[in-house]
Amino acid sequence: MLKKAAAGAGAVLIVLCWPFATGQVGERIYLDTVGKYDSPYVSITSESYDRGYLSSDVVSRVEIKDAFKPFFEEEGLPTVWHIDSKMTHGVFGISSESQLVLDDDLKPIAAEIWGKDVSPITFTASTALTRKTDFTITVNPMSYVEELGAKADTSALVLKGVVDAKGYGEFEYALPEAKLTTTANEAMVLTGLSGSAKGILDGQFWIGNQDFALKSVSFIDQINEMQVSLEDMSVGMSNVLTQADAKASDTNDQIMTNTNTATIGKIVSLNGDEFTNLNFKLAFSDLNYSALSRLGDMADDLNENMTQAQAQEAALALDLLVAKGLKIQLEDLSVTAPQGDVSSNITLDIAPGLARASENMAKISEKLSGQISLILPQAIVDEDPILLERAQMMEQGGVVVLEDGNYKLQMQIKGDQIVLASGDQLPITMLLMLFM
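One structure accompanies this document, and this report is about it. All figures in this text were calculated on a predicted structure; none of them were measured in a lab. (Residues numbered from 1 in each chain as written. Predicted model: local features only at pLDDT ≥ 70, side-chain atom pairs only at ≥ 80, totals over all residues. Heavy atoms only, no water.)

What to know about the overall build of the protein
Phase 1: Scanning the protein for helices and strands turns up eight helices and 23 strands.
Phase 2: Counting across all 436 residues of the protein, residues that qualify as buried make up 30%.
Phase 3: Partitioning the contacts of the protein with sequence separation of at least 6, the portion at a separation of at least 24 is 49%.
Phase 4: For the protein, the accessible surface area stands at approximately 26000 Å², while carbon and sulfur atoms represent 58% of it. (Helix = DSSP H or I, 4+ residues; strand = E, 2+ residues; numbered from the N terminus. Buried < 20%, exposed > 50% of the residue type's maximum accessible area, 1.4 Å probe, protein only. Contact = heavy atoms within 4.5 Å. Areas by Shrake-Rupley, 256 points an atom, 1.4 Å probe, with all protein chains shown as cover.)

Okay, structure coming up:
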């Protein structure tokens, strides 16, 4: 009986002490992650962390960095913000509720837009002892009318997701409706915005997938009764890492394939013309990830006046990128215009093996191959005098043919020569001059 009582007392003691332990773990997680967050856009540091037995009060300092800082300054907004968080220690982890702290100058403005005592943004999170975190960010609905006539009405923008200890995350977001009206009586009406992502941020690159969808958006000039509208839009991006050699394990031998897609069901222009079934797919493959990462890391530090060391580092990265070879494929660029169907595709392949390309860019053509295809309705060409002049010149030179009411271009690229559908060859520089 004594052993059972002792065991029971021990269990009760563990349960009583566990919230304090999770509080310590939670503080360590916060200080090691969120409290030291730094990106090209914002940095987050810990302003204070008051840890108690069952709960903790945390204040985080968010500073807008150079990438976005000018936009905030131009609008007269602060570039330093604070987030007040209330954390609760549980048996299996910690949970938190956070709100944006507004200074006295911004409180009246926020009250007009979101309502009295309503936080513009709320953030809730639940973190397990494994550091896996589920979170929800909500930008609360807005209903605002300015004295000069500007209006803003939106439903809540909600972003939900999960991120693990290694940084891999999944999230999705949605904004059902939004309508903004300017003082010039111009309006934007948006419905059905949504998106999601799965992957991890590795330096400058998101490794994984992202997608974005929009049911409709209209830009309306209500005075002149004119508008531009777009329906059923979807955009996707994918970055995938693989080994150049399946047997290799060196991260310097990784290659990335970047694929970008977009579709739009319908676009209506200012003059009422309708363009439907717009499709776009562009892929960059066989990109040496080490070289790409070096260029990405340099991007934030480069300016118009590059130092000699920066120029040399950029040249070395570019040399590695080209030396390993790469492919560019515009697999589909097409749309149905009022004058007919437009379609095109382009493939460019730079074979590996070219050293020091930055010292002689002309040598790239020795490794270049590919093809170009384009179909353009004659009615579109006839409407533009400059385009018509170029098309007629290219037709006379045998570069394009006029067939069934369409201008058609079909050619192969082999080094510094282009091979036309007829078999004739021309210097690639001639083609570039014609397109200019």
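Still more ground to cover, so stick around.
Here we look at the pairing of strand S14 (residues 226-243)
Phase 1: Here strand S13 (residues 205-221) pairs with S14 via 13 bridges, running antiparallel. Residue pairing across strands places Gly 208 opposite Asn 239, the latter belonging to S14.
Phase 2: Counting the residues in the hairpin turn of S13 and S14 gives four residues, including Glu 225, whose phi is positive at 55 degrees.
Phase 3: Two strands pair when backbone bridges link them, and S14 and strand S15 (residues 254-268) are joined in this way by 14 bridges, in the antiparallel orientation. By the bridge assignment, Ser 229 is partnered in S15 with Val 268. (Pairing = 2+ DSSP bridges.)

A look at helix H5 (residues 308-323)
Phase 1: Across its 16 residues, H5 extends 22 Å between first and last C-alpha, which sits within 8% of the 22 Å expected from 1.5 Å per residue.
Phase 2: Following H5 by one or two positions, Gly 325 adopts a phi angle in the positive range, close to 85 degrees. (Expected span 1.5 Å × (residues − 1).)

Quick look at the packing of aromatic side chains
Phase 1: A complete count under the given rule lists four aromatic pairs for this structure.
Phase 2: On the basis of an interplanar angle of 25 degrees and a centroid distance of 6.5 Å, the ring pair of Phe 171 and Tyr 173 is categorised as stacked.
Phase 3: For Phe 171, a relative accessible area of 23% corresponds to the partly exposed category.
Phase 4: Tyr 173 gets classed as partly exposed once you look at its relative accessible area, which sits at 21%.
Phase 5: Within the aromatic cluster, the residues linked to one another by ring pairs are Phe 171, Tyr 173 and Trp 206. (Phe/Tyr/Trp six-rings, centres within 6.5 Å; stacked < 30°, edge-to-face > 60°.)

Digging into helix H7 (residues 385-396)
Phase 1: With 12 residues, H7 should cover 16 Å at 1.5 Å per step; its first-to-last C-alpha distance of 16 Å lies within 8% of that length.
Phase 2: Between the side-chain oxygen of the N-cap and the backbone nitrogen of Ile 386 there are 3.0 Å, and the N-cap of H7 in question is Asp 384.
Phase 3: Backbone geometry just downstream of H7 places Gly 398 in the positive-phi region, at approximately 80 degrees. (Polar contact = N/O pair within 3.5 Å; in protein donor to acceptor, adjacent residues only side chain to side chain.)

A closer look at the pattern of salt bridges
Phase 1: Applying the stated criterion across every chain yields a total of six salt bridges.
Phase 2: Between Lys 215 and Asp 232 there is a salt bridge; the shortest N-O distance is 3.3 Å. With Lys 215 in strand S13 and Asp 232 in strand S14, the pair connects residues that are 17 residues apart, well separated along the chain.
Phase 3: Judged by its relative accessible area of 41%, Asp 232 falls in the partly exposed class.
Phase 4: In this structure, the salt-bridge partner of Lys 408 is Glu 403, at a minimum N-O distance of 3.1 Å.
Phase 5: Since its relative accessible area comes to 26%, Lys 408 is described here as partly exposed. (Salt bridge = Lys/Arg side-chain N within 4 Å of Asp/Glu carboxyl O.)

Focus on the environment of Ser 194
Phase 1: Looking at the element boundaries, Ser 194 is found in strand S12 (residues 186-202).
Phase 2: Considered as a pair, Ser 194 and Lys 215 are 21 residues apart in the sequence and their alpha carbons are 8.8 Å apart.
Phase 3: Aside from chain neighbours lying at most four places away, what touches Ser 194 is Tyr 173, Ala 174, Asp 211, Phe 212 and Ala 213.

A word on the pairing of strand S11 (residues 169-181)
Phase 1: Bridge count between strand S9 (residues 151-154) and S11: four bridges; the pairing is antiparallel. The residue bridging Ala 152 from the neighbouring strand is Leu 180, located in S11.
Phase 2: Alignment of strand S10 (residues 157-163) against S11, held across six bridges, turns out to be antiparallel. Residue pairing for S11: Val 162 is matched across the bridge by Glu 170.
Phase 3: The hairpin formed by S10 and S11 contains five residues between the paired strands, and Gly 167 there has a positive phi angle of roughly 100 degrees.
Phase 4: When S11 meets S12, the two strands line up antiparallel, connected through 12 bridges. Within S12, the residue paired with Ala 178 across the bridge is Leu 190.

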